[in-house]
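Each chain, letter by letter, is given below.
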Amino acid sequence: MRKTIVAGNWKMNKTPKEALELIETLKPLVAERDDVEVVFCPPFIDLMLAVEATKGTNIKIGAQNMYYEESGAYTGEVAPNMVKEAGCEYVILGHSERRAYFGETDEMINKKVLKAFEHDLKPIICVGETLEQREQGITEDLVRLQIKIALKDVPAEKAVLAVIAYEPVWAIGTGKTATSVQAEEVCAAIRKVLCEIYGEETAEKIRIQYGGSVNAGNAAELFAMPNIDGGLVGGASLKADFAKIVNY
Ligand code: 13P
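Numbering of residues starts from 1 in each chain and follows the order in which that chain's sequence is written. Under the rules for a predicted model, residues below a pLDDT of 70 receive no local features and side-chain atom pairs below 80 are neither given nor counted, while totals for whole chains, interfaces and linings still include all residues. Each side-chain value is worked out from all heavy atoms of the structure, with water and hydrogens disregarded.

**Student:** With reference to specific residues and values, describe the site of the ligand.
**Tutor:** Every residue near the ligand is listed here: N9, K11, H95, E167, A171, I172, G173, G212, S213, L232, G234 and G235. Between N or O atoms, a polar contact is any pair within 3.5 Å; within protein, one atom must be a potential hydrogen donor and the other a potential acceptor, and residues adjacent in sequence are included only when both atoms are from side chains. Between the ligand and the protein, one listed contact pairs an oxygen atom with a side-chain N or O atom of E167 at 2.9 Å. Contact distances for the ligand include 2.6 Å between an oxygen atom and a backbone N or O atom of G173. The method behind every accessible area is Shrake-Rupley, applied with a 1.4 Å probe, and residues are considered shielded solely by the protein chains displayed. Summarising the interface, the protein chains cover 95% of the accessible area of the ligand, which totals 310 Å² for the free molecule. Three classes are used, and their members are as follows: Ala, Val, Leu, Ile, Met, Phe, Trp, Tyr, Cys and Pro are nonpolar, Asp, Glu, Lys and Arg are charged, and the others, Gly among them, are polar. Considering only residue class, the shell around the ligand consists of three nonpolar, seven polar and two charged. Nearness here has a simple test: a residue counts as near a molecule or strand if at least one of its heavy atoms is within 4 Å of that partner.

**Student:** Any chance you could break down the pairing of strand 7 (residues 207-211) for me, citing the residues and the numbers?
**Tutor:** By the criterion of burial, strand 7 is predominantly enclosed, with five of the five residues buried. The buried label applies to any residue whose accessible area, calculated with a 1.4 Å probe on protein chains only, is under 20% of its type's maximum; exposed applies above 50%, and partly exposed to all values in between. Runs of E in the DSSP output that reach at least two residues are strands. Runs of H or I that reach at least four are helices, and both are numbered from the N terminus. Burial of the side chains of strand 7 extends over both faces: R207, Q209 and G211 are buried on one face and I208 and Y210 on the other. Note: strand 6 (residues 163-166) against strand 7, four bridges, orientation parallel. Residue pairing across strands places V163 opposite R207, the latter belonging to strand 7. Direction of pairing for strand 7 relative to strand 8 (residues 230-233): parallel, over a ladder of two bridges. Considered in strand 8, the bridge of Y210 is made with G231. Strand pairing is defined by DSSP finding a minimum of two bridges between the two strands.

**Student:** Please give an account of the sheet that holds strand 1 (residues 4-9) that cites residues and values.
**Tutor:** Sheet architecture is closed into a barrel: eight strands sit in the order 1-2-3-4-5-6-7-8, paired in parallel fashion. Put simply, the sheet's adjacent strands are angled 25 degrees from each other on average, direction ignored. The axes used here are C-alpha line fits, helices contributing only the stretch in contact, and every angle between their N-to-C directions lies in the interval 0 to 180 degrees.

**Student:** Explain helix 9 (residues 180-198) to me, and be specific about the residues and the numbers.
**Tutor:** Taking 1.5 Å per residue as the helical rise, helix 9 with its 19 residues ought to reach 27 Å, and the 26 Å between its terminal C-alpha atoms agrees with that figure. What helix 9 keeps buried is the set S180, A183, E184, V186, C187, A189, I190, R191, V193, L194 and Y198. Two residues or fewer past helix 9, G199 is found with a positive phi of approximately 90 degrees. By this rule, a helix spans an expected 1.5 Å times one less than how many residues it contains.

**Student:** With reference to specific residues and values, describe the pattern of salt bridges.
**Tutor:** The salt bridge definition used is simple: a Lys or Arg side-chain nitrogen within 4 Å of an Asp or Glu carboxyl oxygen. The final tally for this structure, using the stated rule, is 22 salt bridges. Ionic pairing is found between D35 and R33, a salt bridge with its closest N-O pair at 2.7 Å. One salt bridge in this structure joins E196 and R144, with 2.9 Å as the shortest N-O distance. You can see E196 sitting in helix 9 and its partner R144 sitting in helix 7 (residues 139-150), a full 52 residues away along the chain.

**Student:** Account for the layout of surface pockets, naming residues and giving values.
**Tutor:** In this structure, the largest pocket occupies an estimated 370 Å³ of space. Together, 15 residues line the largest pocket, and K11, M12, Q64, R98 and F102 are the ones closest to its centre. Residue classes in the lining of the largest pocket are distributed as eight nonpolar, four polar and three charged. Approximately 250 Å³ is the volume attributed to the second largest pocket. Think of a 1 Å grid over the protein atoms and nothing else: a 1.4 Å probe that fits but is trapped marks a cavity, an open set flanked by protein within 12 Å on at least five of seven lines marks a pocket, and residues with an atom within 4 Å of a point count as lining. If you trace the second largest pocket, you find 17 residues lining it, with S96, R99, G128, T130 and V169 closest to the centre. Elements represented by at least two residues in the lining of the second largest pocket include exactly helix 4 (96-101), strand 5 (122-127) and helix 7. The dominant element in the lining of the second largest pocket, judged by the number of residues it contributes, is helix 4, at five residues. Residues belonging to the lining of the second largest pocket are distributed by class as follows: seven nonpolar, six polar and four charged. Grid points are joined across faces, edges and corners, and a volume is the space filled by probe spheres set on the points.

**Student:** Report on the environment of L29, specifying residues and quantitative values.
**Tutor:** Along the chain, L29 falls in helix 1 (residues 16-30). Of the residues examined, L29 reaches a relative accessible area of 38% and is grouped as partly exposed. Sequence separation between L29 and G212 is 183 residues; the distance between their C-alpha atoms is 23 Å. Residues count as neighbours in contact if any of their non-hydrogen atoms are within 4.5 Å of one another. What L29 contacts, discounting residues up to four positions off in sequence, is A240, A243 and N247.

Function cannot be inferred from these measures alone, as they are strictly geometric.
See below:
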């Protein structure tokens, strides 16, 4: 049985003070749900405070990105051991905003995935197509390529710890959610690719999230689909509504 995982990607929102306020608001509201893994992914500057503020709760903390080198002259970057030492358990890698605005390629994402595992961080690997790619009918081909490159050289015993987040770019921040049938179709295709790479037993253990305008109103239907094991939530993770998604 795969444990549902609901993660909030706060993106570039919440100062340290605001982060603490949000955590204090959400803490009691998500405390009851022990069958759902709850992860908050605040900006780097908030990470240590967030880890401290969630100690002894069911909330885990993840970073939104990290670099693939260990240390050195990479101004503005954050190293894997820094993310680990800050107390993170997860790290989001290859988000479509990083791909689109910061030039991240599948190859870079693969390097980051390998580094994350080296440092005992669990990657949440984001994949997904643009509207144009969906209209061209290449969604499944593209996602397949993104997964195969991201997981290159990752052995099965590590892969089971990864989370794949299917986030169609056209559904992110637009209020235009993929229907549960559309989302399930691609998530099932993702599981098929995982099965090709690792075999069925491993593929059945890897969790696949849907992301893109998830909210309190659509979460239950999406998470009920057989290949959707939770959500990666943007906008709705910044308010008390996030608790309704966790308690879907
Ligand atoms: P929204 O939930 O705001 O559409 O964002 C989704 C997302 O990008 C999560 O990583």
